[in-house]
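Structural overview for review
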Amino acid sequence: MSSVRQEGKDKIIFVTKEDHETPSSAELVEEDPNDPYEEQGLILPSGEINWNCPCLGGMASGPCGTEFKDAFSCFHYSKEEVKGSDCLEQFRTMQECLQRYPELYPKEDDAPSSQASEESASAESASAEASDPAAGSEKDSDPTLPNTESSAES
């Protein structure tokens, strides 16, 4: 005889050998390949966009869902040589909507921690020095720093 016990959010079911001897009465339902709510990827077999695809991350149902759908549909169905080049206005409208909800759609360049900001700043300064040799030479000519070149020559 099986027993059921609830522990917090978990339901623990103990079954006996006798419980497993009886055949299951569960009936399996064959999947409908035309069910638009099934996970079939971004594009349905009909060529339409599957707005329920988890790959869209909820963008199609958020406060900017209509703008997102307009822009994405335009891009998907675009026949232009440079795909989507005819959709700039739809993407601009979507971007304006996203900017109205920064708590829901944070910018990618917004650093989640101050450590990431510091790393980014040090990478930018190193990049600036590499691209501008004068900036690096000014630092080298600082009289308070040791002159490593003359030390190496002596």
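If you look the protein up in an unreviewed UniProt entry, it shows as Coiled-coil-helix-coiled-coil-helix domain containing 4 from Poecilia formosa. Word for word, the UniProt comment on the protein under Subcellular location (unreviewed entry) is "Mitochondrion intermembrane space".

Points about the overall build of the protein
If you tally the helices and strands in the protein, you get six helices and two strands. Across the 154 residues of the protein, 14% fall into the buried class. Here the analysis covers contacts within the protein between residues at least 6 apart in sequence; of these, 26% occur between residues at least 24 apart.

Re the pairing of strand S1 (residues 3–7)
For a regular strand, the rule is simple: side chains alternate between the two faces of the sheet. As paired strands, S1 and strand S2 (residues 10–14) are joined by five bridges and run antiparallel to one another. Along S2, the bridge assignment pairs Arg-5 with Ile-12. In this antiparallel pair of consecutive strands, S1 and S2, the connection spans two residues, and Gly-8 shows a positive phi of 65 degrees.

Section: the pattern of salt bridges
Within the structure shown, the criterion is met by three salt bridges. Residue Glu-7 pairs with Arg-5 through a salt bridge whose shortest N-O separation is 2.7 Å. Arg-5 sits in the partly exposed class, given a relative accessible area of 41%. The partner of Arg-92 in a salt bridge is Glu-89, and the shortest N-O contact between them spans 3.0 Å. Highlighted residues: Arg-92 and Glu-89, both in helix H3 (residues 88–100), separated by three residues, approximately one helical turn. Judged by its relative accessible area of 45%, Arg-92 falls in the partly exposed class.

Regarding the packing of helix H2 (residues 65–77) against H3
One way to put it is that H2 packs onto H3 with a least axis distance of 8 Å and a crossing angle of 150 degrees. The orientation of H2 relative to H3 falls into the category roughly antiparallel. The crossing of H2 and H3 is left-handed. The segment H2 lies against H3, with Glu-67, Phe-68, Asp-70, Ala-71, Cys-74 and Phe-75 engaging Gln-90, Phe-91, Thr-93, Met-94, Cys-97 and Arg-100. Residues of the contact of H2 with H3, tallied by class, amount to seven nonpolar, two polar and three charged.

How each quantity is defined
- Residues numbered from 1 in each chain as written.
- Predicted model: local features only at pLDDT ≥ 70, side-chain atom pairs only at ≥ 80, totals over all residues.
- Heavy atoms only, no water.
- UniProt positions renumbered as here; feature names shortened; annotations may be inferred.
- Helix = DSSP H or I, 4+ residues; strand = E, 2+ residues; numbered from the N terminus.
- Buried < 20%, exposed > 50% of the residue type's maximum accessible area, 1.4 Å probe, protein only.
- Contact = heavy atoms within 4.5 Å.
- Pairing = 2+ DSSP bridges.
- Salt bridge = Lys/Arg side-chain N within 4 Å of Asp/Glu carboxyl O.
- Axes fitted to C-alpha atoms, helices over the stretch in contact; angles between N-to-C directions.
- Parallel < 35°, antiparallel > 145°, perpendicular 65-115°, else oblique.
- Left-handed = near helix turned anticlockwise from the far one by under 90°.
- Nonpolar A, V, L, I, M, F, W, Y, C, P; charged D, E, K, R; others polar.

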